[in-house]
Amino acid sequence: MSKSKNKEIKNISVITLGCSKNLVDSERFSGLLNANGFKFTDANNADAMIINTCGFIKSAKEENIQLILEAAEQRRKGKLKKLIVAGCLSQRYGNELSEQIPNVDHFLGTNSDLKILKILAGENKHSLIGERMLFTPKHYAYLKISEGCNQKCSFCAIPMIRGKYESTSEDKLFNEASSLAENGTKELILIAQDSTYYNKDKSNKREIANLLKRLAAIEKLEWIRMMYAYPRQFPIEILDVISENTKLCNYIDIPLQHSSDKVLRSMKRGISLRKIEELLDTIRKKIPNVTLRSTFIVGYPNETEKDFQHLLNFIKKQQLDRVGVFTYSQEEGTSAYPLGDPIPEEVKNQRREEIMLIQQKISLEKNRKKVGDTLKVVVDGIERKTYFGRTEQDAPDVDNLVHFNSNENLKPGDFVNVNITKAEEYDLYGTHI
Ligand code: SF4
């Protein structure tokens, strides 16, 4: 225990907003604090609070600022002895925030582990770097394989916030994944802003296939899932690696954002509709039972009703398994910013609704075909005597669930076979066999 530690502060509350990458950042600095003897608690019982913010789009910014204001009020009243705001919003607007919001002790940016540790007067024991305190249930964990992004999507503020693409070395990732597996992680979820760019910044080659192969050798891991693939220059070789290795989930998360060539060009996605469709065909040929997840943006400044209809038809034609839709958020500093934000929010929301209604039908039809099947399910928990879990087709937090009964006393992280008896739009129901 370090001499200079602030004796008043023992209990810390960490609030993480935004994406899974931010969650890993919180897990990393919390691992350091934990090793320095700090305890973790909820906001009501904390001496110090660390808010790890998201600053990606308008709605997230508003939610984050509201939360910071509430915490600052607790700080003003002396309920909190220290209030630290870190992460993307603070990285992007730290100066403005510190001028406008009093009673926050520190506005730090992203990757502020050591600064946070120093502020709370813990010593920096280097051997601790990499020790994470998991905020996910123990049986699954995210593995953040890089920081930043080198893509130039016109609507996106992330490269401004997180900087250039920086791959973490394969050895370091292998060690981190091995330590997670030793501590009970069964499902490893690879995340980045752009997973398919892995190591291109270091070796000028996309080496995600090698990384997947290496991680698949970790015995105690049952499932390895990759999120956030980028369609342009997609490294086709990973498809063979995935189809040849049962540990690698037949699951491709590939944000496509739009289908109209005019909109894709303005978004600077660097890929055409023809190339996107060729890629999806190739993925389906190489991994026949692949689960395809994608996300789209509606209401982008130059999206006409005709472009939107084009996207609707694309969704109907492609029959993707999992779909998310965002409404366009005009972000200062992005190359799309000068295009303004001409499409009214209600029209954006209507377009989002329309796509989700079509996707609901597609999802229901696909789910109905699974009735009678027996699926491998990882147990995530139990609610009102009914277990819930996910199949290989479902990532945590964003995809579907399987609800099922069992006569056995199951625990999170168990893998079981469930016979599917009922299907709804998204979730499945069944019995453990
Ligand atoms: S790939 Fe595009 S949308 Fe994703 S983080 Fe990079 S710039 Fe943003």
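Basis of the calculations
- Residues numbered from 1 in each chain as written.
- Predicted model: local features only at pLDDT ≥ 70, side-chain atom pairs only at ≥ 80, totals over all residues.
- Heavy atoms only, no water.
- Near = heavy atom within 4 Å.
- Nonpolar A, V, L, I, M, F, W, Y, C, P; charged D, E, K, R; others polar.
- 1 Å grid on protein atoms, 1.4 Å probe; cavity = no way out; pocket = protein on both sides within 12 Å on 5 of 7 lines; lining within 4 Å.
- Points joined across faces, edges and corners; volume = space filled by probe spheres on them.
- Helix = DSSP H or I, 4+ residues; strand = E, 2+ residues; numbered from the N terminus.
- Phe/Tyr/Trp six-rings, centres within 6.5 Å; stacked < 30°, edge-to-face > 60°.
- Buried < 20%, exposed > 50% of the residue type's maximum accessible area, 1.4 Å probe, protein only.
- Lys NZ or Arg CZ within 6 Å of the ring centre and 35° of its normal.
- Expected span 1.5 Å × (residues − 1).
- Contact = heavy atoms within 4.5 Å.
- Salt bridge = Lys/Arg side-chain N within 4 Å of Asp/Glu carboxyl O.
- Pairing = 2+ DSSP bridges.
- Axes fitted to C-alpha atoms, helices over the stretch in contact; angles between N-to-C directions.
- Parallel < 35°, antiparallel > 145°, perpendicular 65-115°, else oblique.
- Left-handed = near helix turned anticlockwise from the far one by under 90°.
- Domains from an automatic or database assignment.
- Buried area = accessible area lost by both parts, 1.4 Å probe.
- Polar contact = N/O pair within 3.5 Å; in protein donor to acceptor, adjacent residues only side chain to side chain.

Quick look at the site of the ligand now. Around the ligand lies a shell formed by Cys-149, Gln-151, Cys-153, Phe-155, Cys-156, Ile-158, Pro-159, Gln-193, Tyr-230 and Arg-269. Considering only residue class, the shell around the ligand consists of seven nonpolar, two polar and one charged.

Glancing now at empty space enclosed by the protein. According to the stated counting rule, one finds one cavity of 30 Å³ or more in the structure shown. Size it by volume and the largest cavity reaches roughly 50 Å³. Looking at the largest cavity, the residues that line it are Asn-22, Asp-25, Phe-29, Asn-52, Ala-86, Gly-87, Gly-109, Thr-110, Asn-111, Ser-112, Asp-113 and Arg-162. Per-element tally for the lining of the largest cavity: the top contributor is helix α1 (residues 20–35), with three residues. Its residues placed into classes, the lining of the largest cavity shows two nonpolar, seven polar and three charged.

This part takes up the packing of aromatic side chains. For the coordinates displayed, the defined rule picks out six aromatic pairs. Seen from their ring centres, Tyr-140 and Tyr-142 are 6.3 Å apart, and the 85 degrees between their planes marks the pair as edge-to-face. Side by side, Tyr-140 and Tyr-142 carry an identical accessibility label, which is buried. Geometrically, the ring pair formed by Tyr-165 and Tyr-197 is tilted, given 4.7 Å between the ring centres and 55 degrees between the ring planes. Here the residue Tyr-165 occupies a position in the loop between α5 (158–162) and β8 (166–167), and Tyr-197 occupies one in the loop between β9 (187–191) and α7 (200–203), the gap between them amounting to 32 residues. Of the two residues examined, Tyr-165 and Tyr-197, each falls in the buried class. It is Lys-21 that lies over the ring of Tyr-228; its NZ or CZ is 3.5 Å from the centre. Sitting over the face of the ring of Tyr-251, Arg-225 holds its NZ or CZ atom 4.7 Å from the ring centroid.

Attention now goes to helix α6 (residues 170–182). An ideal rise of 1.5 Å per residue puts 18 Å on 13 residues; α6 measures up with 18 Å between its terminal C-alpha atoms. Taken together, the buried positions of α6 are Leu-173, Glu-176, Ala-177, Ser-178, Leu-180 and Ala-181. Turning to α6, the residues buried within the fold contact α1, β6 (140–144), β9 and α8 (208–216). Phi for Gly-184, located one or two positions after α6, is positive at around 105 degrees.

This part covers the pattern of salt bridges. Evaluated as defined, the whole model comprises 37 salt bridges. The salt bridge partner of Arg-390 is Asp-380, with a shortest N-O separation of 2.7 Å. With Arg-390 in strand β15 (residues 386–390) and Asp-380 in strand β14 (residues 374–383), this residue pair connects regions lying 10 residues apart in the sequence. Taking the relative accessible area as the measure of exposure, Asp-380 reaches 14% and is therefore buried.

Pairing is mixed in the closed barrel, where five strands are placed in the order β14-β15-β16-β18-β17. Going from strand to strand, the sheet's axes swing by 50 degrees on average, the running direction of each strand aside. In terms of strand pairing, β15 meets strand β16 (residues 402–405) through three bridges, oriented antiparallel. The residue of β16 that forms the bridge with Gly-389 is Val-402.

Let's shift gears to the packing of α8 against helix α9 (residues 237–244). Two numbers describe how α8 lies on α9: the axes approach to 8 Å, and their chain directions differ by 15 degrees. In terms of orientation, α8 and α9 fall into the roughly parallel class. When the axes of α8 and α9 are compared, the crossing they make is left-handed. Residues Ile-208, Ala-209, Leu-212 and Lys-213 of α8 touch α9, and the partners they reach there are Glu-237, Ile-238, Val-241 and Ile-242.

What follows covers the domain arrangement of the chain. Structurally, the chain comprises domain 1 (11–121), domain 2 (140–368) and domain 3 (374–432). With centres defined by C-alpha atoms, the gap from domain 2 to domain 3 works out at 25 Å. Counting from both sides, the interface comprises 22 residues of domain 2 and, opposite them, 22 residues of domain 3. The junction of domain 2 with domain 3 conceals about 1900 Å² of combined surface from both sides, 48% of it contributed by carbon and sulfur atoms. Remark: the boundary between domain 2 and domain 3 carries four salt bridges.

Positionally, Thr-196 belongs in the loop between β9 and α7. Relative accessible area serves as the criterion here: at 0%, Thr-196 is assigned to the buried category. A polar contact is formed between the side chain of Thr-196 and the backbone nitrogen of Tyr-230, at a distance of 2.8 Å. In this structure Thr-196 touches Arg-206, Ile-208, Met-226, Tyr-228, Ala-229, Tyr-230, Phe-234, Pro-235 and Ile-238, once residues within four positions along its chain are discounted.

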